[in-house]
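Coordinate inspection notes
Spelled out from the first residue to the last, the chains are:
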Amino acid sequence: MAKRFLSAFLAMSIFFTGSIQTVQAAMIATEQVAESAVTAKGEQDRAKIVDMLTRDEVQSALVARGIDPVEARSRVAALNDDEANKLATQLDKAPAGGGIIGAIVLVFLVLLLTDILGFTKIFPFTRSVR
């Protein structure tokens, strides 16, 4: 009985050995790790900017300047990682309270720049370089 069980067990083991999936490991390049870190940092920067744009005083200032807050958030989402990092850094350096106007002007300038470069068309007074 034990021989029969052992032979059946070995036969099944050999049968299922062919269906085991192989796993391959490879070295990860430093550039890949750095790129994933930069992408994560870019997402954090965009989240910080969008968080700032959701404040009531910022939204009222944007509307006062003729900028749709929803459009501003979509523009922030369209920023590349480097632009988002620069904008978030400038927002961090801005003084609390009175510096919010400077941050709004910065967002306005970024929106104006994307309009001039032809990525969007929000402001009617700009002409695209494309």
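Structural notes, computed from the coordinates.

Another aspect to go through is the nonpolar core. Counting 22 residues, the largest nonpolar core has Ile49, Met52, Leu53, Val58 and Leu62 as its most contacted members. When contributions to this core are tallied by element, the ones reaching two or more residues are helix 2 (30-53), helix 3 (56-64), helix 4 (69-78), helix 5 (81-93) and helix 6 (100-116). Here the element with the most residues in this core is helix 6; it accounts for seven residues. Residues in contact with Ile49, not counting those within four places in the same chain, are Val76, Ala84, Leu87, Ala88 and Leu91.

Turning to helix 4, a few remarks are in order. Side chains of residues three or four places apart in an α-helix project in the same direction, reflecting 3.6 residues per turn. Those residues of helix 4 not exposed but buried are Pro69, Ala72, Arg75 and Val76. Buried residues of helix 4 fall within an arc of 110 degrees about the axis and therefore sit on the same side. Structural note: helix 4 exposes Val70, Ala77 and Ala78 on the side pointing more than 90 degrees away from its buried face.

Running from amino to carboxyl end, helix 3 crosses helix 4 at an angle of 105 degrees, the nearest separation of the two axes being 9 Å. Here helix 3 lies roughly perpendicular to helix 4, going by the angle between them. Along its contact with helix 3, which presents Gln59, Leu62 and Val63, the element helix 4 presents Pro69, Ala72 and Arg73. A per-class count over the contact of helix 3 with helix 4 returns four nonpolar, one polar and one charged.

The rules we used
Residues numbered from 1 in each chain as written. Predicted model: local features only at pLDDT ≥ 70, side-chain atom pairs only at ≥ 80, totals over all residues. Heavy atoms only, no water. Core = buried A, V, L, I, M, F, W, Y, C linked by side-chain atoms within 4.5 Å. Buried < 20%, exposed > 50% of the residue type's maximum accessible area, 1.4 Å probe, protein only. Helix = DSSP H or I, 4+ residues; strand = E, 2+ residues; numbered from the N terminus. Contact = heavy atoms within 4.5 Å. Arc of directions from axis to C-beta. Axes fitted to C-alpha atoms, helices over the stretch in contact; angles between N-to-C directions. Parallel < 35°, antiparallel > 145°, perpendicular 65-115°, else oblique. Nonpolar A, V, L, I, M, F, W, Y, C, P; charged D, E, K, R; others polar.

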